[in-house]
Amino acid sequence: MTQRALIVGLGISGMSAAIALRGQGWTPVIIERASQRRRGGYFIGLREEGKTAAEALGVLDVMEKRTPERIRFWDVRRDGSRRRIADVTQETNAPIAVLRGDIEEALWQGVDGKVEVRFGTEPVSIVNGDTQTQVTLRSDKGHDVIESFDLVIGADGVRSTVRKLIFGVDEVFFRPLGTMLCAFPLARPVAGFDAGDGLMVADIKRALTVFPLEGRPSTALFSYRTRSPVDPASRDPLATLRQIFADLDVDGIISRALEDLANTDDFLFDSVQMVKMPRWSKGRVLLLGDAAWCLTLYSGMGASAGMIGGRALGEALAAHANNVDAALTAFETRMRPFVRKHQRFVALRSQLFVPSTRFSLWGRRVLWQILLRSRKYPFKNAS
Ligand SMILES: Cc1cc2nc3c(=O)[nH]c(=O)nc-3n(C[C@H](O)[C@H](O)[C@H](O)COP(=O)(O)OP(=O)(O)OC[C@H]3O[C@@H](n4cnc5c(N)ncnc54)[C@H](O)[C@@H]3O)c2cc1C
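Attention now moves to the domain arrangement of the protein chain. The domains assigned to the protein chain are domain 1 (4–61 + 100–173 + 274–344) and domain 2 (72–95 + 177–272 + 352–374). Measuring from the centre of the C-alpha atoms in domain 1 to the corresponding centre in domain 2 gives 30 Å. Facing 16 residues of domain 1, the contacting portion of domain 2 comprises 25 residues. For the pair domain 1 and domain 2, the summed buried surface comes to about 1500 Å²; carbon and sulfur atoms form 61% of the total. On the domain 1 side of the interface with domain 2, the three residues burying the most area are F43, R47 and Y298, jointly 45% of the side's total. Residue R159 pairs with D270 through a salt bridge whose shortest N-O separation is 2.5 Å. Where domain 1 packs against domain 2, one counts five residue pairs in polar contact (both at pLDDT 80 or more).

Put into structure tokens, the structure is as follows:
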């Protein structure tokens, strides 16, 4: 009899796990709280490790790529002057630029018609046994059903319900970075810049970064630092950002971007939390992706980690075909060093995007310019 896994969350991690488990003869069932698939989303840079994982999952070729052919990044100063800086998406090894929705669309092709997906469904209680786990699933019509699974995988994001039900409250595992973010697609190109131009308007404790995408509107990413990150549901992002960025409206870049925010539903406004857990599984429940280890956007590795994790889980279950406990231990042993490596410098890396002091504002500018000079940029001299 094939083994059944419940995967909570139809994001990058959940779909990656579903494809990998199915490849090992498991029967995954995905539940997703939303009533339909989400699309769009924000800029994601997929680095070498992410590309390799996407390839292994069979989705790299079908993934839409949106790296602009002619990419240039600018540091825009308060006085309106601009300087060329290194492409901030390439500061380690060359990624491909995609939208989060592009990765999900590619993964969906490996899921659609092959894996049972139930929309509008979430877990409300989990009874964790030694070999089987009983989950009460609630549909958005208010119906509850109880089902048994050989494994439950919580791939339900940074504010994971599975983590709350089995491991404990968010506060125990959250490591707040003291920043808030708001990401959304710009409705129009930034005035005075070319298609393919990215830019940063940064000041102490606040920054707007615009990430260019080929054939799609650029992603605007507002970040600001605060001692008390708010519950995103309790604040209006537009009013908050208008207030925080009021005196940084260089050439109207900020106010035009915020007009675009006012006219879109496709935005993410949240506090930035790293998730740190001593162990990712308990009994027959495992956490995966942001739910387990959220690396945050500053690592530039969260999406890649979701795919790598899904694939690693499939391989661990294959290597320990009749021993799920051993497979979960092997998965943890394999993923820990990778996650540790990418969590280590997240606070420091956040300074590149939203500097906390005058010194880091200055240091960050110098660094981006050194990186520009030290790399072979095809458009280095075009300014
Ligand atoms: C602005 C920004 C920029 C980023 N840039 C990059 C980048 O350049 N490179 C990179 O690699 N990563 C980047 N990331 C990180 C990356 O987007 C995430 O790490 C990745 O999308 C996490 O995927 P996930 O599947 O683990 O979680 P999620 O994407 O959060 O998916 C969770 C899914 O679970 C569903 N769900 C939630 N709760 C329940 C429930 N109770 N029941 C059922 N379903 C539920 C949600 O609706 C969702 O579909 C960025 C993130 C942000 C915010």
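Turning our eyes to something else, we now look at the pairing of strand β14 (residues 206–213). On any regular strand, side chains alternate: one points to one face of the sheet, the next to the other face. With eight of its eight residues buried, β14 lies for the most part within the structure. Burial of β14 is two-sided: the residues R206, L208, V210 and P212 facing one way and the residues A207, T209, F211 and L213 facing the other way are all buried. Looking at chain direction, strand β13 (residues 197–203) and β14 are connected through five bridges and run antiparallel. Looking at β14, one finds that V201 is bridged to L208. Here β13 hands over to β14 after two residues, with K205 in that stretch at a positive phi of 70°. Summarising the sheet, β14 and strand β15 (residues 216–225) pair through seven bridges and their orientation is antiparallel. Directly across from F211, in β15, lies its bridge partner T219. Hairpin connection of β14 to β15: two residues between the antiparallel strands, including G215 at a positive phi of 75°.

Another aspect to go through is the pairing of strand β3 (residues 43–46). Neither face of β3 is open: one carries F43 and G45, the other I44 and L46, and all of them are buried. Sheet analysis places β3 next to strand β6 (residues 96–99), joined by four bridges and oriented antiparallel. Bridge pairing links F43 to L99 in β6.

A few words on the site of the ligand. Within the structure, the ligand sits among 31 residues, and S13, E32, R38, G45 and D290 are positioned closest to it. At 3.0 Å from a nitrogen atom of the ligand is found a main-chain nitrogen or oxygen belonging to R33. Between a nitrogen atom of the ligand and a main-chain N or O atom of G300, the distance comes to 3.2 Å. Where the shell around the ligand is concerned, the elements lending two or more residues are α1 (12–23), β2 (27–32), β3, β8 (121–128) and α9 (302–319). Classifying every residue of the shell around the ligand by side-chain character gives 14 nonpolar, eleven polar and six charged.

It is worth spelling out the environment of S148 at this point. As for its placement among the helices and strands, S148 is situated in strand β10 (residues 144–149). A residue is classified by how much of its surface remains accessible, and S148, at 30% relative accessible area, is partly exposed. A C-alpha to C-alpha distance of 56 Å links S148 and V76, two positions 72 residues apart in sequence.

Right, let's talk about the packing of helix α6 (residues 237–244) against helix α7 (residues 253–262) for a bit. Put simply, α6 and α7 touch, their axes get as near as 10 Å, and they point 175° apart. Judged by the inter-axis angle, α6 sits roughly antiparallel to α7. Of the residues in α7, those in contact with L238, L241 and R242 of α6 are L258, L261 and A262. Split by residue class, the contact of α6 with α7 holds five nonpolar, no polar and one charged.

Rules and cut-offs
Residues numbered from 1 in each chain as written. Predicted model: local features only at pLDDT ≥ 70, side-chain atom pairs only at ≥ 80, totals over all residues. Heavy atoms only, no water. Domains from an automatic or database assignment. Contact = heavy atoms within 4.5 Å. Buried area = accessible area lost by both parts, 1.4 Å probe. Salt bridge = Lys/Arg side-chain N within 4 Å of Asp/Glu carboxyl O. Polar contact = N/O pair within 3.5 Å; in protein donor to acceptor, adjacent residues only side chain to side chain. Buried < 20%, exposed > 50% of the residue type's maximum accessible area, 1.4 Å probe, protein only. Helix = DSSP H or I, 4+ residues; strand = E, 2+ residues; numbered from the N terminus. Pairing = 2+ DSSP bridges. Near = heavy atom within 4 Å. Nonpolar A, V, L, I, M, F, W, Y, C, P; charged D, E, K, R; others polar. Axes fitted to C-alpha atoms, helices over the stretch in contact; angles between N-to-C directions. Parallel < 35°, antiparallel > 145°, perpendicular 65-115°, else oblique.

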